[in-house]
Amino acid sequence: MALYSNHAGKPGVRKSRNTIIFIALLLFALATVFPIYFMVISSFADPVEAGAVSYSILPSKITFASFKFFFDFSEYSYRWLLNSLIVATSVMVSNVIFASMAGFAFSKLRFKGRGVLFSILLVSMMIPYQVTQVPLYILIVNVFELQNTYTALIMPGIVTVYNIFLAKQFMSSIPNEIMESAKIEGCSQFTIYWRIILPLSKTVLAVMAILTFMDSWNTFFWPLLVTNTMDMQTIQVGLKNFRFANTTFIAPMMAGATISALPMFILFFSLQKYFLEGVTVGAVKG
């Protein structure tokens, strides 16, 4: 029996089925969007309401005072945003460059040990992120003494196995005949990679850029470990400064969270075309 039936000739059953699906999807969408709505609407509340124990869906009044409070709270408020932008952009660019190079090598070049090396990379994906934090912290802080620097924030995420896997799988679908024709014309491997493979891989590169930027921008634990001064904190770590022992500045914190979400929305909508193509690639044959 098929999991999904059109119920041809049974308009009543089909209508009931579609109604149930619509309601279920609507509830799921509301559950997904509500935290974002609560964040945005809370950011327009008065900072005086920060210590209130009870929370409301709508603030008593709409004001931009919480945004002003966020930037006036610390002299490093702007620096937190700048740090996050520098780190996330650097990690995004490095991943797009190095992961695409590695993906090209694994998918189009033939060299000894390629299968074994790629298998090792895939196995490393199975290791939980938390397991590597202690040895990584010892290397960065104790061995290389890079604590509280941009290098410490950027280096661990300079390229990820997932992005290499993503690039390799996509580039494997590009016909080898294109490369053979380029070789006949006298193109080098780097020229083929730069002039042919990369332009054909815009879709996967855009998806890679969006996901990597969002992951790096939202990272909290690692920046918390390797920074010990407020001037080197990222926005996600900086927001914890609004929480104290006896109270939490909810509205200014939500204002900072809303501001920190803007770059991700801008990046997503600017690359939305390529991202949606990446989601549907391979869905239609021919």
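The rules behind each value
Residues numbered from 1 in each chain as written. Predicted model: local features only at pLDDT ≥ 70, side-chain atom pairs only at ≥ 80, totals over all residues. Heavy atoms only, no water. Axes fitted to C-alpha atoms, helices over the stretch in contact; angles between N-to-C directions. Helix = DSSP H or I, 4+ residues; strand = E, 2+ residues; numbered from the N terminus. Parallel < 35°, antiparallel > 145°, perpendicular 65-115°, else oblique. Contact = heavy atoms within 4.5 Å. Nonpolar A, V, L, I, M, F, W, Y, C, P; charged D, E, K, R; others polar. Phe/Tyr/Trp six-rings, centres within 6.5 Å; stacked < 30°, edge-to-face > 60°. Buried < 20%, exposed > 50% of the residue type's maximum accessible area, 1.4 Å probe, protein only. Salt bridge = Lys/Arg side-chain N within 4 Å of Asp/Glu carboxyl O. pLDDT = per-residue confidence, 0-100. Patch = residues over 30% accessible without salt bridge, like charges linked within 9 Å, V, L, I, M, F, W, Y side chains within 5 Å. Areas by Shrake-Rupley, 256 points an atom, 1.4 Å probe, with all protein chains shown as cover.

Here we come to the packing of helix 2 (residues 65-73) against helix 13 (residues 250-270). The N-to-C vectors of helix 2 and helix 13 enclose an angle of 85 degrees; their axes lie 8 Å apart at closest approach. As summarised for this structure, helix 2 and helix 13 are arranged roughly perpendicular, according to the angle between their axes. Contact with helix 2, carried on its side by Ser 66, Phe 67, Phe 69, Phe 70 and Phe 71, involves Ala 251, Pro 252, Ala 255, Gly 256 and Ile 259 of helix 13 and no other residues of that element. Across the contact of helix 2 with helix 13, the residue classes break down as eight nonpolar, two polar and no charged.

The subject of this paragraph is the environment of Tyr 37. As for its placement among the helices and strands, Tyr 37 is situated in helix 1 (residues 11-43). The sequence separation of Tyr 37 and Thr 258 amounts to 221 residues, and the corresponding C-alpha distance is 10.0 Å. Those residues within four positions of Tyr 37 in sequence are excluded, and the remaining contacts are Ile 57 and Leu 58.

This paragraph deals with the side chain of Ser 66. With respect to the helices and strands, the residue Ser 66 is situated in helix 2. Ser 66 has contacts with Ser 43, Ala 45, Asp 46, Pro 47, Ala 251, Pro 252 and Ala 255, leaving out every residue within four places of it along the chain.

The relative placement of two aromatic rings is captured by the distance of their centres and the angle of their planes. Tallying each qualifying case throughout the model produces 20 aromatic pairs. Pairing Phe 70 with Phe 71 gives two aromatic rings, centres 5.0 Å apart and planes at 75 degrees, and the pair type is edge-to-face. What makes Phe 70 buried here is its relative accessible area of 0%. Relative accessible area serves as the criterion here: at 21%, Phe 71 is assigned to the partly exposed category. Ring centres of Phe 106 and Phe 118 lie 5.2 Å apart, and the angle between their planes is 55 degrees; on these two criteria the pair is classed as tilted. Of this pair, Phe 106 sits in helix 3 (residues 77-108) while Phe 118 sits in helix 4 (residues 114-124), and the two are 12 residues apart along the sequence. The burial state of Phe 106 is the same as that of Phe 118; both residues are buried. Here a set of aromatic residues connected by ring pairs shows up, and it is made of Phe 69, Phe 70, Phe 71, Phe 73, Tyr 78, Trp 80, Phe 242 and Phe 249.

This brings us to the pattern of salt bridges. What the rule picks out here adds up to one salt bridge. The salt bridge partner of Asp 72 is Lys 68, with a shortest N-O separation of 2.7 Å. Placement of both Asp 72 and Lys 68 in helix 2 is noted, with a separation of four residues, approximately one turn of the helix. With respect to class, Asp 72 is no different from Lys 68; both count as exposed.

Position of Ser 107 relative to the elements: it lies in helix 3. Overall, Ser 107 belongs to the buried group, its relative accessible area being 7%. Not counting residues up to four positions away in its chain, the partners in contact with Ser 107 are Arg 114, Lys 168, Met 171 and Ser 172.

Further remarks concern helix 7 (residues 161-171). Listed as buried for helix 7 are Asn 163, Ile 164, Leu 166, Ala 167, Lys 168, Phe 170 and Met 171. Of the surrounding secondary structure, the elements contacted by the buried residues of helix 7 are helix 3, helix 4, helix 9 (189-200) and helix 10 (202-218).

Model confidence for the protein is summarised by a mean pLDDT of 86, while 88% of its residues fall at 70 or above. When the criterion is pLDDT under 50, residues 282-286 qualifies, and its contacts beyond four places in sequence or with other chains add up to zero contacts.

Before going further, it helps to spend a moment on a nonpolar patch on the surface. Where nonpolar side chains cluster on the molecular surface, the patch consists of Val 93, Ile 97, Phe 98, Met 101, Val 159, Phe 190 and Trp 194 and spans about 640 Å² of accessible area. Elements with a minimum of two residues in the nonpolar patch: helix 3 and helix 9. Of the residues forming the nonpolar patch, the biggest block, four residues, is contributed by helix 3. Summarising the element assignment, Val 159 is placed in the loop between helix 6 (150-154) and helix 7.

The next thing to look at is the packing of helix 10 against helix 13. Look at helix 10 against helix 13: their axes get within 10 Å of each other, and the N-to-C directions meet at 175 degrees. When the axis of helix 10 is compared with that of helix 13, the two are roughly antiparallel. Here helix 10 contributes Ala 209, Ile 210, Phe 213, Met 214, Trp 217 and Asn 218 to the contact with helix 13, which in turn contributes Ser 260, Pro 263, Met 264, Leu 267 and Phe 268. Of the residues belonging to the contact of helix 10 with helix 13, the class tally is nine nonpolar, two polar and no charged.

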